[in-house]
Amino acid sequence: MADSEIRIGRVSSVDYESGMVRVTYRDKDDSVTINLPTMNFNDEYRMPEPGQDVVVAHLSNGSSRGVLLGTVWNKKNIPTETGEKLYRKDFSREKDAAYVKYSDATGEYLVKAANVHINGVNKTVLDGPNVEIFANFSIAVQTEKMNIDLSCLEVTGGEEDKISASIKTDVTMEQEENELEAVILKAFFKFVEDIRVQAGTCVEVRAEESVTIRAGTDMNISGRTSRLSGENAVTISSGGTLRFSDGQHSITLAEIIERLGE
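No experiment lies behind these values; they were computed from the predicted model shown.

Caption draft 1: Local environment of the overall build of the chain. A tally of regular secondary structure across the chain gives 1 helix and 17 strands. Per-residue burial for the chain yields a buried fraction of 15% across its 262 residues. Intrachain contacts of the chain at a sequence separation of at least 6 include 39% that bridge at least 24 residues. Of the accessible surface of the chain, which amounts to about 23,300 Å², a share of 48% is contributed by carbon and sulfur atoms.

Okay, here's the thing in structure tokens:
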């Protein structure tokens, strides 16, 4: 039985299904081994490429039995990124296409790939004092129910601090407690179909300067008690007929002016 030895050879061929390779030794007249198993590092799968230099531990019988321990760094196989406190694992043969990296110096863990999919079968948690999500084009959220618990909401962006919102379905806002209060400092909402705001007692819309409510066809403001008030002035205008009515009377603004002139 030959003594066990560790040799450096070159991958001749790869059997991807079995996870085995054949290795050629140039110093042995380019002799080629039989299929050798590769060290899998606890079920990690990444096969070497034909032509790569590898380390093989032969157990006995010369080159007939052995285990491929892994690839080696050399002039043809140079690390993409180096550093004393750096860990990096590349998944793609293309440079910087897909990899994970951790730096002890910065504490940053980076995952990079063309498409990243995180699938939590039961639950997925993103937890941290500051969580940031950036997208150059769009962010899509699809869920049956969303709960947001926060003390402050700030939405900024767009040209000249203008944000356009388009909702292509009915919107219902309900509050079973005493009051639903919406404070909107500077915003413009455009709803394609309908919007309904429902409250048990009171719905209040405020603005520092002015509030404009406009409808293309019909607008109905109703309730047990409806009130329009302003500290300085309240303006009610109509391009056609302006009519005031209650349970007993109905009169237009033109009729009021006509009667005052009598």
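Caption draft 2: Expanded view of the pattern of salt bridges. Scanning all chains against the criterion turns up 10 salt bridges. A salt bridge links Lys 89 to Glu 44; the nearest nitrogen and oxygen atoms lie 2.8 Å apart. Of this pair, Lys 89 sits in strand S7 (residues 86-90) while Glu 44 sits in the loop between strand S4 (36-37) and strand S5 (53-60), and the two are 45 residues apart along the sequence. Its relative accessible area of 40% is what places Glu 44 among the partly exposed residues. Where Asp 96 meets Arg 88, a salt bridge forms, and the shortest distance between an N and an O atom there is 2.7 Å.

Caption draft 3: Highlighting the pairing of strand S8 (residues 99-103). Among the 5 residues of S8, 4 are classified as buried, and the element is accordingly described as predominantly covered. Alignment of S7 against S8, held across 5 bridges, turns out to be antiparallel. Each residue of the ladder has a partner; that of Leu 86, found in S8, is Ser 103. Of the strand pairs in this sheet, S8 and strand S9 (residues 109-112) are connected by 4 bridges, and their pairing is antiparallel.

Caption draft 4: Spotlight on the sheet that holds S8. Here 3 strands make up an open sheet; going across it, the order is S7-S8-S9 and the pairing antiparallel. Each having just a single partner strand, S7 and S9 make up the two edges of the open sheet. In this sheet, adjacent strand axes meet at a mean angle of 10° when their direction is disregarded.

Caption draft 5: Quick look at the nonpolar core. Counting 10 residues, the largest nonpolar core consists of Val 11, Val 14, Val 21, Val 23, Tyr 25, Leu 36, Met 47, Val 54, Val 56 and Leu 68. Elements with a contribution of two residues or more to this core: strand S1 (5-15), strand S2 (20-25) and S5. Once residues lying within four places of it in the same chain are set aside, the contact partners of Met 47 are Val 14, Asp 15, Tyr 16, Gly 19, Met 20, Val 21, Thr 38 and Arg 93.

Caption draft 6: Geometry of the side chain of Arg 88. The topology assignment puts Arg 88 in strand S7. With a relative accessible area of 16%, Arg 88 lands in the buried category. Of note is the side chain of Arg 88, whose polar atom sits 2.9 Å from the side chain of Asp 90. Apart from the residues within four sequence positions on either side, Arg 88 is in contact with Thr 80, Glu 81, Asp 96, Tyr 99, Val 100 and Lys 101.

Caption draft 7: Geometry of the packing of aromatic side chains. One pass over the full model with this rule turns up 0 aromatic pairs. Sitting over the ring of Tyr 25, Arg 7 keeps its end group 4.7 Å from the ring centre. Between Arg 88 and the ring centre of Tyr 99, over which it is positioned, the NZ or CZ distance is 3.7 Å.

Conventions adopted
Residues numbered from 1 in each chain as written. Predicted model: local features only at pLDDT ≥ 70, side-chain atom pairs only at ≥ 80, totals over all residues. Heavy atoms only, no water. Helix = DSSP H or I, 4+ residues; strand = E, 2+ residues; numbered from the N terminus. Buried < 20%, exposed > 50% of the residue type's maximum accessible area, 1.4 Å probe, protein only. Contact = heavy atoms within 4.5 Å. Areas by Shrake-Rupley, 256 points an atom, 1.4 Å probe, with all protein chains shown as cover. Salt bridge = Lys/Arg side-chain N within 4 Å of Asp/Glu carboxyl O. Pairing = 2+ DSSP bridges. Axes fitted to C-alpha atoms, helices over the stretch in contact; angles between N-to-C directions. Core = buried A, V, L, I, M, F, W, Y, C linked by side-chain atoms within 4.5 Å. Polar contact = N/O pair within 3.5 Å; in protein donor to acceptor, adjacent residues only side chain to side chain. Phe/Tyr/Trp six-rings, centres within 6.5 Å; stacked < 30°, edge-to-face > 60°. Lys NZ or Arg CZ within 6 Å of the ring centre and 35° of its normal.

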